[in-house]
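# Tertiary structure, described
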Amino acid sequence: MHKIIAYSCSLLFLSVLACDAGKKVSKEEVDQMKKSTELKKVGEAEITSYALKWGEELSQEAQNALMGALQEAISEKGIPGAVEFCNVEALPLTKRVGDEYGVTIKRISTRNRNPENVPGETEEPLLDAYAYNAEEGIENVPNIQKTDNGETLIFTKAIVIPGGLCLNCHGDPDKDISQETYQKIQSLYPEDKATGYKVGELRGMWSIFIPKKEVVKRM
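Let me begin by describing the structure that accompanies this report. (Residues numbered from 1 in each chain as written. Predicted model: local features only at pLDDT ≥ 70, side-chain atom pairs only at ≥ 80, totals over all residues. Heavy atoms only, no water.)

### Focus: the overall build of the protein
- Summing up its helical and strand segments, the protein has six helices and four strands in all.
- Along the protein, helices and strands appear, N-terminal first, in the series α-α-β-α-β-β-α-α-β-α.
- Put simply, the protein has 219 residues, and 36% of those count as buried.
- For the protein, long-range pairs separated by at least 24 residues make up 72% of all intrachain contacts whose partners lie at least 6 apart in sequence.
- Here the protein has roughly 12900 Å² of accessible surface; of this, 53% comes from carbon and sulfur atoms. (Helix = DSSP H or I, 4+ residues; strand = E, 2+ residues; numbered from the N terminus. Buried < 20%, exposed > 50% of the residue type's maximum accessible area, 1.4 Å probe, protein only. Contact = heavy atoms within 4.5 Å. Areas by Shrake-Rupley, 256 points an atom, 1.4 Å probe, with all protein chains shown as cover.)

### Digging into the nonpolar core
- Counting residues in each nonpolar core, the largest one holds 25 residues, and the members touching the most others are V103, I105, I208 and I210.
- Of all the elements in the fold, those that place two or more residues in this core are α2 (27-101), β3 (152-160), β4 (202-211) and α6 (212-218).
- With 14 residues, α2 is the single largest residue contributor to this core.
- Ignoring anything within four residues of it in the chain, the contact list for I210 reads A51, W54, G55, L58, V103, T152, L153, F155 and V215. (Core = buried A, V, L, I, M, F, W, Y, C linked by side-chain atoms within 4.5 Å.)

### A short note on the environment of G102
- The topology assignment puts G102 in the loop between α2 and β1 (104-108).
- Ignoring any residue separated from it by four or fewer positions in sequence, one finds G102 in contact with P211 and E214.

### Some thoughts on a negative patch on the surface
- There is a patch of like negative charges on the surface, built from E121, E124, D128 and D148.
- Locating D128 in the fold gives a position in helix α3 (residues 124-136). (Patch = residues over 30% accessible without salt bridge, like charges linked within 9 Å, V, L, I, M, F, W, Y side chains within 5 Å. Salt bridge = Lys/Arg side-chain N within 4 Å of Asp/Glu carboxyl O. Lys, Arg positive; Asp, Glu negative; His and termini not counted. Charge placed at Lys NZ, Arg CZ, Asp CG, Glu CD.)

### Quick notes on the pattern of salt bridges
- Taken as a whole and judged by the stated rule, the model has eleven salt bridges.
- Of the charged contacts in the structure, one is a salt bridge between R96 and E89, with a shortest N-O distance of 4.0 Å.
- By relative accessible area, which is 30% here, E89 ends up partly exposed.
- Across the pair E201 and R111 runs a salt bridge, and its minimum N-O distance is 3.3 Å. Of this pair, E201 sits in the loop between α5 (179-188) and β4 while R111 is found in the loop between β1 and α3, placing the two residues 90 residues apart along the sequence.
- Among the charged side chains, a network of salt bridges with common partners joins E44, K146 and K212.

### So, the packing of aromatic side chains
- All told, the structure shown has one aromatic pair when counted by the stated rule.
- Ring centres of W54 and Y101 lie 6.2 Å apart, and the angle between their planes is 85°; this geometry places the pair in the edge-to-face category.
- Given a relative accessible area of 3%, W54 falls into the buried group.
- The aromatic ring of Y197 is capped on one face by R111, whose charged end is 3.8 Å from the ring centroid. (Phe/Tyr/Trp six-rings, centres within 6.5 Å; stacked < 30°, edge-to-face > 60°. Lys NZ or Arg CZ within 6 Å of the ring centre and 35° of its normal.)

Dropping the structure here:
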């Protein structure tokens, strides 16, 4: 944080000198600017590294919250009841986790169940990259990118079908999903695309928009 401030002050100082008619910027002043620029790059790298680590923690916290609530819904109401839970509570739950930290947390997929989980313009090429890696047998690892405005970072992480439990809602309708559950899915999500998965298959990705200022606050 101090490094970025130092960089900004140096630029301001040199800008004032440059605007002073007839005054030539000295070699020492140029060297100072170069040094400040190097410090700024180090600062940016630290911010990005921290955001990547924090994004991993945020996605895990959101995942734990979702799975805990989902397992409770299954225990109380069975699989069809869990579908109802996801319809009502999944998006608000991830939003609450994000709001607590000043970030936006989403789960997106091109084979989405909820229409609100469709990838946006920034997210689509990142999800395509995960899909390509999955098809080519390349390991998918969490990633951090800058958005166009430069003031927000986007953390992404592949979501895969981890085990047989998920197939009760996302597997083969003729084999894995009960008729009652499938009817519930069709009634709540008439445009559902999220069935036919196998264990280990790419389901989508976590997408977490993290303002730089929130990262700096935590550093």
